[in-house]
Amino acid sequence: MEPIMTKFCSEPYLQSMKVFLDTVSSTNVIHSSFPVKLKEGILTKRAQGRSRFGWKNFKRRYFCLTTQELRYSRSAKSNPLGRIPVSEIQSTQFLTEGSSFDLKNMFQVILSSRQLYIQARHSVEAKEWKDALDFVASRNHLQRERNMFHPDAFIGGHWRCCKGSDQGNPGCREVPSFQVPVDIDVNREVEKVQSLLLKNMEKLSRLHDHCHNDYLSLHKELPQHIQDLTASRYHTLTSMQACVTSLEQEHRHHVKQMYQRNVYGSEHAPIGEDTVNYAPTYQYIMALVGSADRPSPSTPPEITRC
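This structure is a prediction, so every number in the text was calculated from the model and none was measured.

Regarding the overall build of the protein
- Helix and strand content of the protein: 8 helices and 11 strands.
- Every one of the 306 residues in the protein was classed for burial, and the buried ones make up 32%.
- Counting contacts in the protein only where the partners sit at least 6 residues apart, residues at least 24 apart contribute 49% of the total.
- Approximately 20500 Å² of the protein is accessible, and the part contributed by carbon and sulfur atoms is 54%.

Next comes the structure, spelled out in structure tokens:
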């Protein structure tokens, strides 16, 4: 393990890891000057041209997806046969088994002006590639160049999905939009804001008093925008103070109710040795509200029997 640790802790490796993490976590990942490899592997691609018998065949190609392009070649060491900038990748969609090519694990990459049909070796690989391609495509949703696509392929002189005979038809369905995942605990975030304001209530009061003096000393000779700005600042700070005070009162009322519901012998704190040893007292709960000398939550005080 020592050689591995020595290699991983070297400066070039740490710098490369930093660049990778900074790039893939950035919302401007597709505009990064450092190409970061996101996914690579052997896939089966439907050829763009035709074979000598007039049929479009399938060929195994090495694919490599970076933060700048999707390229494919005959092997990992050979020159690329095609390069697709990630800015052209609009979306990806799985093909229904048996609907177009009678092949499993097929998906299409929806580009700005065409489709790219690809087959993976198994469903897990297909899902991994789709997720990686959707990652870069989600960065293009604000400058999308294509709004329609065909869910099936053009085979036998017509589209299998809408039966249209015009191969240049842009599509019969709308390209799915990307919903940026946002996992926010609203209650927790409000609690953080409330705690921050409550902790700095003294500074907020001083700022409010200063703005109040400015508001009272306004002169009509001042420009209107300065008067409006001063009044708006004063009213905003007044509302903030009232809101913080109101939330704190509601919070303390909630804590008091929580203690009353957990009084020894109640429904939420039935009679028993465990309840006696661990049911919190009102003073202990109030100490958790924000006191500097709060007790350790791991050792709540015991309730005394009467």
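Re the confidence of the model for the protein
- On average, residues of the protein score 76 in pLDDT, and 70% of them are at 70 or above.
- Of the regions scoring below 50 in pLDDT, residues 275-279 engages in 13 contacts with residues more than four places distant in sequence or in other chains.
- Between residues 291-306, whose pLDDT stays under 50, and residues either more than four places distant or in other chains, the model counts 25 contacts.

Examining a nonpolar patch on the surface
- A surface patch of nonpolar side chains, about 340 Å² in accessible area, is lined by Ile-184, Val-186, Val-190 and Leu-247.
- Overall, the relative accessible area of 54% leaves Val-186 in the exposed class.

Description of the packing of helix 5 (residues 201-216) against helix 6 (residues 224-261)
- For the pair helix 5 and helix 6, interaxial distance at closest approach is 9 Å and the crossing angle is 145°. Along this stretch, helix 5 crosses helix 6, giving a crossing that reads as left-handed. Residues Met-201, Leu-204, Ser-205, Leu-207, His-208, Cys-211, His-212, Asp-214 and Tyr-215 of helix 5 form the contact with helix 6, whose participating residues are Thr-230, Ala-231, Arg-233, Tyr-234, His-235, Leu-237, Thr-238, Met-240, Gln-241, Val-244 and Thr-245.
- Grouping the constituent residues of the contact of helix 5 with helix 6 by class yields 10 nonpolar, 8 polar and 2 charged.

As for the environment of Arg-60
- By the secondary structure assignment, Arg-60 is in strand 2 (residues 58-66).
- With relative accessibility at 53%, the residue Arg-60 sits in the exposed group.
- Along the backbone, Arg-60 and Arg-74 are 14 residues apart, and their C-alpha atoms lie at a distance of 7.4 Å.
- Leave out the neighbours within four places in its chain, and Arg-60 touches Ile-42, Leu-43 and Thr-44.

With respect to the nonpolar core
- If you look at the biggest cluster of nonpolar residues, it comprises 20 residues, and the most contacted ones within it are Phe-63, Leu-65, Leu-70, Ile-89, Val-109 and Leu-116.
- Sorting the residues of this core by element identifies strand 2, strand 3 (69-73), strand 6 (106-110), strand 7 (115-119) and helix 3 (123-137) as the ones contributing at least two each.
- A per-element tally of this core places helix 3 first, with 6 residues.
- Among residues more than four places away in sequence, those in contact with Phe-63 are Lys-39, Glu-40, Gly-41, Leu-43, Lys-45, Leu-70, Arg-71, Tyr-72, Leu-116, Ile-118 and Trp-129.
- Judged by nonpolar contacts, the second largest core, of 7 residues, contains Leu-95, Phe-101, Tyr-117 and Trp-159.

Description of the sheet that holds strand 4 (residues 82-85)
- Pairing is antiparallel across the open sheet formed by 7 strands, whose spatial order is 4-3-2-1-7-6-5. Every interior strand has two partners, whereas the edge strands, strand 4 and strand 5 (91-94), have only one. Strand-to-strand twist of the sheet, defined as the mean angle between neighbouring strand axes without regard to direction, takes the value 35°.
- With 9 bridges joining them, strand 1 (residues 37-46) and strand 2 adopt antiparallel strand pairing. Counted as the bridge partner of Lys-45 is Lys-59 from strand 2.
- Those strands touched by helix 3 are strand 1, strand 2, strand 3, strand 5 and strand 6, and its axis lies near 120° from that of strand 1.

Quick word on the pattern of salt bridges
- This structure, assessed with the given rule, holds 11 salt bridges.
- Note that Lys-192 and Glu-189 form a salt bridge whose closest N and O atoms lie 3.7 Å from each other. Placement of both Lys-192 and Glu-189 in helix 4 (residues 186-199) is noted, with a separation of 3 residues, approximately one turn of the helix.
- Judged by relative accessible area, which is 36%, Glu-189 ranks as partly exposed.
- Taking the shortest distance from any N to any O, the salt bridge between Arg-252 and Glu-248 comes out at 3.0 Å. Placement of the pair is Arg-252 and Glu-248 together in helix 6, with a separation of 4 residues, close to one helical turn.

Digging into the environment of Leu-247
- Mapping Leu-247 onto the fold places it in helix 6.
- With relative accessibility at 32%, the residue Leu-247 sits in the partly exposed group.
- Separated by 49 residues in the primary sequence, Leu-247 and Leu-198 have C-alpha atoms spaced 9.8 Å apart.

Cut-off values and rules
Residue numbers here run from 1 along each chain, matching the order of that chain's written sequence. Local features in a predicted model are, by the rule used here, given only for residues with pLDDT of at least 70; side-chain atom pairs are given and counted only at 80 or more, and totals for whole chains, interfaces and linings are based on all residues. Side-chain metrics in this entry use all non-hydrogen atoms of the structure; hydrogen atoms and water are not considered. Strands here are runs of E lasting at least two residues and helices are runs of H or I lasting at least four, both read from the DSSP assignment and numbered beginning at the N terminus. Residue exposure (1.4 Å probe, protein chains only): buried if accessible area is under 20% of the type maximum, exposed if over 50%, otherwise partly exposed. Contact criterion: two residues are considered in contact whenever any of their non-hydrogen atoms come within 4.5 Å of each other. All accessibility values rest on the Shrake-Rupley procedure with a 1.4 Å probe; residue burial counts only the protein chains present in the view. The predictor's confidence in any single residue is recorded as pLDDT, a number from 0 to 100. Candidate patch residues must exceed 30% relative accessible area and have no salt bridge, after which like charges are joined if within 9 Å and Val, Leu, Ile, Met, Phe, Trp or Tyr side chains if within 5 Å. Any Lys or Arg side-chain nitrogen located within 4 Å of an Asp or Glu carboxyl oxygen qualifies as a salt bridge. To define axes, lines are fitted to C-alpha atoms, for helices over the stretch in contact only, and angles between the resulting N-to-C directions are given on a 0 to 180 degree scale. Crossing handedness is read from the near helix: turned anticlockwise from the far helix by less than a right angle, it gives a left-handed crossing, and turned clockwise, a right-handed one. Residue polarity is assigned by list, with Asp, Glu, Lys and Arg as charged and Ala, Val, Leu, Ile, Met, Phe, Trp, Tyr, Cys and Pro as nonpolar; anything else, Gly included, falls into the polar class. What makes a nonpolar core is a set of buried Ala, Val, Leu, Ile, Met, Phe, Trp, Tyr and Cys residues whose side-chain atoms join them at distances within 4.5 Å. When DSSP finds at least two bridges between two strands, those strands are taken to pair.

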